[in-house]
Amino acid sequence: MSHDHPPVVIFGCGYVGTRLAQSLLADGITVRACVRRVSLLEPLRALGAEVHYMDGARPHQYGPALGGLTRPLVVYSIPGVPDLPQGEGVRRAATASGRVGASGFIYLSSSAVYGRSELTFTEDWIDEDSSVATSDADAMLRLSDEAALQSVGQTGLRTIILRLGAIYGPALDAHHAARGARQRLRTGQYKLWDGGRHFFSRIYIDDLVRIIRIAGEKAPPSSLYVVGDDSPCRQSEYGKWLAAHLGLPDPPEADASRSSGPRNIIRGRRLRNDKLKRELGVSLHYPSYREGELAIDAIEQGAPLPKLRLSDVAEPTQSVSPAIPAPPLVTESATENVAPPPPVVSPWPKAAFAEDLGTLLFSAPRGVALLHLRKDTQAALGPAYVLVSGSARAVVSGRTVDLPVGSAVPADTVVTAESDAVLLALTATAPT
Ligand SMILES: NC(=O)c1ccc[n+]([C@@H]2O[C@H](COP(=O)([O-])OP(=O)(O)OC[C@H]3O[C@@H](n4cnc5c(N)ncnc54)[C@H](OP(=O)(O)O)[C@@H]3O)[C@@H](O)[C@H]2O)c1
C-alpha cells in the first residue's frame, strides 16, 4: 500500500492530525507533520513521522514545508490563522500545494458554517445543499477559507472540503488528550442548554480518520461533504446517557439566552451523511455515540489504541460485537432520514485462549481465562470452571456426571473433555 500511496503532509497536526498520522504510519505511508510546537509531536516522530516546524501565519513557509515530496496529499488542519486576512492561510497553502503537483488538498472545515442554532431552535437536517450563515462572523471565517480554497481549485488542484461535526475520542498520546464531554461531565462543567433540546452531530475520531483517508483516495475535484455519524440526537439524550454511563448525576440545565461565553453558543445540527456514504462508500464503525463511548471506556481501562490501518477500512477483520446494547439510537422524527446502521465492528482485542481477560482488557489480571480443552484431556486441577461449549464430564462425590453447557464446576474438580470444549477458568490469581 505504501508503494502507490502518496506521501501525506499535515498542516496543523493536533488531535485529528495526530490520529491521522498514526493511521498512515501504521500502513507504512510517509507523513510530514507541520506545526509550530514541534516538541508536542515527539511521539509521532518516534513512530516515523517527519516533524517540520512551520508557522501558517508566515505563508512563505508553506512551500518549503512541501519540498522534496512527489505529488503529496495535503491535509490542512489549522483551526485558523488570526494574523492573516480571512482565507489567506488556506489560499497560500493550497497555491503552494498546486505548485508542487499535490495529488489533493483536504480542508477540515466545520459545520459551524451553518450558524448558531440556539437563537432559532431548529430540528432541520443539514446537508451539503443547505444554506450557510453568511451573517454569522464565525461561520464567515470558515466560509472565507472554503471560498479561497475553491478558487485555487479552479487552477486544477483537487480540493476536498469536509465540514465536521463535533469530534470525540480517547487520549492519543501524552500531548493529545481525550476529546468530548467526559472531562466536563466529570468536573461538573457540562450543561444541558435549554433543557438539552438542541440537536448535535458527532463523529468518532477513528471514523473521521477513515473518512479523511478515503476522501484522499476517492473524492472528486471540488468536492464537499458534511461529516457526522448516523445518530445525531438531542443534547439531553447524549448528556444524560453519558452521565449515567459514568455513574454521575444528570448534568445541570442552563438557559442559553441568559448566559454568556462561547459554550452557550449552540452550533449543533443534525448532519445528514448520505453523500459521504453514497459517493465515497464510507461505512462507519462507530455509527452512534454508544459505540464511540464504549471504545473510549476500553481505552481508558488500558486497551491499546487500534492501529487503524486502511486495510481495516476495506476489509474489517474484527468480529461483530454482540455486547453493545441496542436501544433506539435516534428520535422518532429522525428515523426516516437515517440509513440502516452498518454492522458494528468491535474495537476491542479478541480474547485468546489461556490469556487472562483482565490483562487483555483492564491491565490488572482478573484470574479469568478461556481454555481450550481437547477431547479426552483433563483440565488442570485447581481452578473452578464454566463449560462454555463442547461437552465434558466431571467427577462429583466419586461419581462421573455429564456437564450441560453453562455448568459451573467448583474448584479442585476433575473435568475431562468428551469432545473439544471451551471452558472459562476462574482462579483466585491469574491462571498460568
Ligand atoms: N475538534 C472539533 O470538534 C472540530 C469540529 C469541527 C472542526 N474542527 C476543525 O478540525 C481541524 C482539526 O481539529 P483539531 O481538533 O485536530 O485541532 P487542534 O487539536 O487544535 O490542532 C490544531 C493544530 O494546528 C496547529 N496550528 C495552529 N496554528 C498554527 C499555525 N499558525 N501554524 C502551524 N500550525 C498551527 C497546532 O499546533 P501548534 O499550535 O503547535 O502550531 C495544532 O497542531 C481544525 O481546523 C478544527 O477547527 C474541529
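Residues numbered from 1 in each chain as written. Predicted model: local features only at pLDDT ≥ 70, side-chain atom pairs only at ≥ 80, totals over all residues.

With that settled, consider the site of the ligand. Close to the ligand lie 23 residues; Gly 12, Gly 14, Arg 36, Arg 37 and Gly 56 are nearest. When contributions to the shell around the ligand are tallied by element, the ones reaching two or more residues are α1 (15–26), β5 (104–110) and β8 (166–168). In terms of residue count, the dominant contributor to the shell around the ligand is α1 (3 residues). (Near = placed C-beta within 6 Å. Helix = DSSP H or I, 4+ residues; strand = E, 2+ residues; numbered from the N terminus.)

On the secondary structure map, Arg 142 appears in helix α5 (residues 137–153). When the 27 C-beta atoms within 10 Å are taken as the criterion, Arg 142 is described as buried. Taking the C-alpha atoms as reference points, Arg 142 and Ala 112, separated by 30 residues in sequence, lie 7.9 Å from one another. If we ignore the near neighbours within four places in the chain, the residues touching Arg 142 are Ser 109, Ser 110, Ala 112 and Val 113. (Buried ≥ 20, exposed ≤ 12 C-beta atoms within 10 Å, placed from the backbone. Contact = placed C-beta atoms within 7 Å.)

Spatially, the 7 strands line up as an open sheet ordered β3-β2-β1-β4-β5-β7-β12, and their pairing is parallel. At either end of the open sheet lies a strand with only one pairing partner, and these are β3 (50–53) and β12 (223–227). Going across the sheet, the axis of each strand differs from the next one's by a mean of 20°, ignoring polarity. Two elements, strand β1 (residues 8–11) and strand β2 (residues 31–35), share 4 bridges in a ladder whose sense is parallel. Along β2, the bridge assignment pairs Val 8 with Val 31. Strands in contact with α5 are β5 and β7 (159–164); relative to β5, the strand with the most contacts, it is inclined by about 165°. The strands touched by helix α7 (residues 205–218) are β4 (73–76), β5, β7 and β12; relative to β7, the strand with the most contacts, the crossing angle is about 160°. (Pairing = 2+ DSSP bridges. Axes fitted to C-alpha atoms, helices over the stretch in contact; angles between N-to-C directions.)

One way to put it is that α1 packs onto α7 with a least axis distance of 9 Å and a crossing angle of 65°. In terms of orientation, α1 lies roughly perpendicular with respect to α7. With respect to the hand of their crossing, α1 and α7 are arranged in right-handed fashion. Where α1 abuts α7, its residues Val 16, Arg 19, Leu 20 and Ser 23 lie against Ile 205, Leu 208, Val 209, Ile 212 and Arg 213. Across the contact of α1 with α7, the residue classes break down as 6 nonpolar, 1 polar and 2 charged. (Parallel < 35°, antiparallel > 145°, perpendicular 65-115°, else oblique. Left-handed = near helix turned anticlockwise from the far one by under 90°. Nonpolar A, V, L, I, M, F, W, Y, C, P; charged D, E, K, R; others polar.)

One finds Ile 10, Ala 21, Ala 33, Tyr 76, Ile 106 and Leu 162 to be the most contacted residues of the largest nonpolar core, which totals 71 residues. Examining the composition of this core, we find that 6 residues originate from one element, α7, more than from any other. Setting aside its immediate chain neighbours within four residues, Tyr 76 contacts Phe 11, Gly 12, Val 90, Ala 93, Phe 105, Ile 106, Tyr 107 and Leu 108. Listed in part, the 13 residues of the second largest apolar core include Leu 373, Tyr 385, Ala 392 and Ala 425. (Core = buried A, V, L, I, M, F, W, Y, C linked by C-beta atoms within 7 Å.)

Let's shift gears to helix α4 (residues 88–99). Taking 1.5 Å as the rise per residue, α4 with 12 residues should run 16 Å; its terminal C-alpha atoms sit 16 Å apart, in good agreement. Listed as buried for α4 are Gly 89, Val 90, Arg 91, Arg 92, Ala 93, Ala 94, Ala 96 and Ser 97. In this fold, the buried residues of α4 make contact with β1, α3 (62–65), β4, β5, α5 and β7. (Expected span 1.5 Å × (residues − 1).)

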